[in-house]
Amino acid sequence: EPTPVVLTKEDYIETISGNRVSKKSVLCGSQNIRLTGKTMIKPGTVIRGDLANINVGKWSLVGENTVLRPPYKRFKTGIAFFPLTIGDCVMIEDDCVISAAAIGSYVHIGKGSIVGRRSVLKDCCVILPGSVLAPDTVVPPFSVFGGAPARFVSELPESFQEMQKQNSLSYYDSIQLKALATPAHLSIPAGILTPPSTPKSTGLSAPGTPASPLPSSPLSAISTPSRDPISPIK
């Protein structure tokens, strides 16, 4: 069972479909960004939906300070950007730059990797940390690429798909968003908002009880200066 990871609830926005997006991430052109559900967007992530459509599948993770940027191609008339599609159960670690045309499902991209523009990563593949994948590279299924420039390193077992799926689901379930506790020195002492339940004195006494003297007014101590009588005018 994975170790629970506690995050501050106030730092994230959680949607109805279970997406958890950090408030410290930057989503440009949010109308062109589609998170299918159960996707985790970490702080510092930049998603450039203002350039083209970006679709991210379920149970995927985009690590801290990672940039998702749609691929582009130069023409004589200018530059054209193309959509970026990411499949399900994809884990992209911190400090990556992704400009691929398509990333399949059950893919793991290591920390600090650069995926060149218009690259295609098939299902069930791994990019080792610190790799630099050249533009227009196609990574076959069940293969491991690494290095700068990244090249084929080894093959993955057939069970990798189930392993990657389990890792993605376990990581999402291990995240716990909890509200920030109020510090003790900022908490309101008990009873400060509740007035005391002491009955107010009305100055009236019960029958047969001598009345308590009313408090003297402070104005009674001030003497009024005497004035000479004014004789009427005849």
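Note that the structure is a prediction, hence the values are computed from the model and not measured. (Residues numbered from 1 in each chain as written. Predicted model: local features only at pLDDT ≥ 70, side-chain atom pairs only at ≥ 80, totals over all residues. Heavy atoms only, no water.)

1. Re empty space enclosed by the protein
Defined as follows: Note on definitions: the grid is 1 Å and covers protein atoms alone; a cavity is a set of points where a 1.4 Å probe fits but cannot get out; a pocket is an open set with protein on both sides within 12 Å along at least five of seven lines; lining residues have an atom within 4 Å of a point. Grid points are joined across faces, edges and corners, and a volume is the space filled by probe spheres set on the points. Just so you know the grouping, Ala, Val, Leu, Ile, Met, Phe, Trp, Tyr, Cys and Pro go in nonpolar, Asp, Glu, Lys and Arg go in charged, and all remaining residues, Gly too, go in polar.
Enumeration according to the criterion identifies 1 cavity of 30 Å³ or more in this entry. Taken as a whole, the largest cavity spans an internal volume of roughly 50 Å³. Surrounding the largest cavity, Lys38, Met40, Trp59, Ser60, Leu61, Val90, Met91, Ser168, Tyr171 and Tyr172 form its lining. Residues belonging to the lining of the largest cavity are distributed by class as follows: 7 nonpolar, 2 polar and 1 charged.

2. Regarding the packing of aromatic side chains
Note the cut-off: By convention, a stacked pair of Phe, Tyr or Trp rings (six-membered ring in the case of Trp) has centres within 6.5 Å and planes under 30 degrees apart, an edge-to-face pair has planes over 60 apart, and any other such pair is tilted. Counted as over-ring charges are cases with an Arg CZ or a Lys NZ within 6 Å of the ring centre that also lie within 35 degrees of the ring normal.
In total, this model carries 3 aromatic pairs according to the counting rule given. Relative to Phe152, the ring of Phe145 lies with its centre 6.3 Å away and its plane at 80°, an arrangement referred to as edge-to-face. Here the guanidinium or amino end of Arg20 rests over the ring plane of Tyr172, the centre of that ring lying 4.4 Å away.

3. Focus: the side chain of Ser119
The criterion, for reference: Each helix is a run of DSSP H or I of at least 4 residues and each strand a run of E of at least 2, with the numbering of both proceeding from the N terminus. To sort residues, take the accessible area from a 1.4 Å probe on protein chains only and compare it with the maximum for the residue type: under 20% means buried, over 50% means exposed, and anything in between is partly exposed. Definition of a polar contact: a pair of N or O atoms within 3.5 Å, with one able to donate and the other able to accept a hydrogen when the atoms are protein atoms, and with sequence-neighbouring residues admitted only if both atoms are side-chain atoms. It only takes one pair of heavy atoms within 4.5 Å for two residues to be counted as in contact.
Within the secondary structure, Ser119 is located in the loop between strand E18 (114-115) and strand E19 (120-121). With a relative accessible area of 0%, Ser119 lands in the buried category. For Ser119, the side chain forms a polar contact with the main-chain oxygen of Ala134, separated by 3.2 Å. Leave out the neighbours within four places in its chain, and Ser119 touches Ala100, Ala101, Ala102, Leu133, Ala134, Pro135, Asp136 and Thr137.

4. So, the sheet that holds strand E20 (residues 125-127)
The pairing of strands in a sheet happens through backbone hydrogen bonds and is either parallel or antiparallel. The criterion, for reference: Strands qualify as paired when DSSP identifies two bridges or more between them.
Sheet architecture is open: 9 strands sit in the order E2-E3-E6-E9-E14-E17-E20-E23-E24, paired in mixed fashion. Strands at the two margins of the open sheet, each flanked by one partner only, are strand E2 (12-14) and strand E24 (150-155).

5. Quick notes on the confidence of the model for the protein
Rules: On a scale of 0 to 100, pLDDT captures the predictor's confidence in every residue.
Per-residue confidence for the protein averages 84 on the pLDDT scale, and 76% of its residues sit at or above 70. In this model, residues 211-234 is a region of pLDDT below 50 whose contacts with residues beyond four sequence positions or in other chains number 2 contacts.

6. Notes on the pattern of salt bridges
As a reminder, the rule being used: The salt bridge criterion pairs a side-chain nitrogen of Lys or Arg with a carboxyl oxygen of Asp or Glu, the two atoms within 4 Å.
Taken as a whole, this structure holds 3 salt bridges when the rule is applied. In this structure, Arg20 engages Glu14 in a salt bridge whose closest nitrogen and oxygen atoms are separated by 3.3 Å. With its nearest N and O atoms 2.9 Å apart, the salt bridge here joins Arg48 to Asp50. The exposure class of Arg48 is partly exposed, given its relative accessible area of 26%. Of the residues examined, Asp50 reaches a relative accessible area of 41% and is grouped as partly exposed.

7. A look at the pairing of strand E23 (residues 143-147)
The buried count for E23 comes to 4 of 5 residues, which makes it a mostly enclosed element. By the bridge criterion, 3 bridges tie E20 to E23 in an arrangement that is parallel. By the bridge assignment for E23, Cys125 is matched with Ser143. Hairpin geometry of E23 and E24 is characterised by an intervening segment of 2 residues between the two adjacent antiparallel strands.

8. A short note on the nonpolar core
Stated precisely, the cut-off is as follows: Here, nonpolar core means buried Ala, Val, Leu, Ile, Met, Phe, Trp, Tyr and Cys residues that are tied together by side-chain atoms lying within 4.5 Å of each other.
Counting residues in hydrophobic clusters, the biggest one holds 27 residues, and the most contacted among them are Leu68, Ile86, Ile92, Ile98, Ile103, Ile109 and Leu121. Of all the elements in the fold, those that place two or more residues in this core are strand E5 (33-35), strand E8 (54-56), strand E13 (84-86), strand E17 (107-109) and E20. When sequence neighbours within four positions are dropped, the list of residues in contact with Ile98 reads Val67, Leu68, Arg69, Leu84, Ile92, Ile103, Ile109 and Val115.

9. Let's talk about the environment of Val21
Take Val21: it is sitting in strand E3 (residues 20-22). Overall, Val21 belongs to the buried group, its relative accessible area being 11%. The spatial distance from the C-alpha of Val21 to the C-alpha of Asp11 is 8.6 Å, given a sequence separation of 10 residues. Every residue in contact with Val21, bar those within four places of it in the chain, is listed here: Asp11, Tyr12, Ile13, Leu27, Leu35 and Ile41.

10. So, the pairing of strand E11 (residues 72-75)
Consecutive residues of a regular strand have side chains that alternate between opposite faces of the sheet. Sheet analysis places E11 next to strand E12 (residues 78-81), joined by 4 bridges and oriented antiparallel. By the bridge assignment for E12, Tyr72 is matched with Phe81. Hairpin connection between E11 and E12: a loop of 2 residues separates the two successive antiparallel strands.

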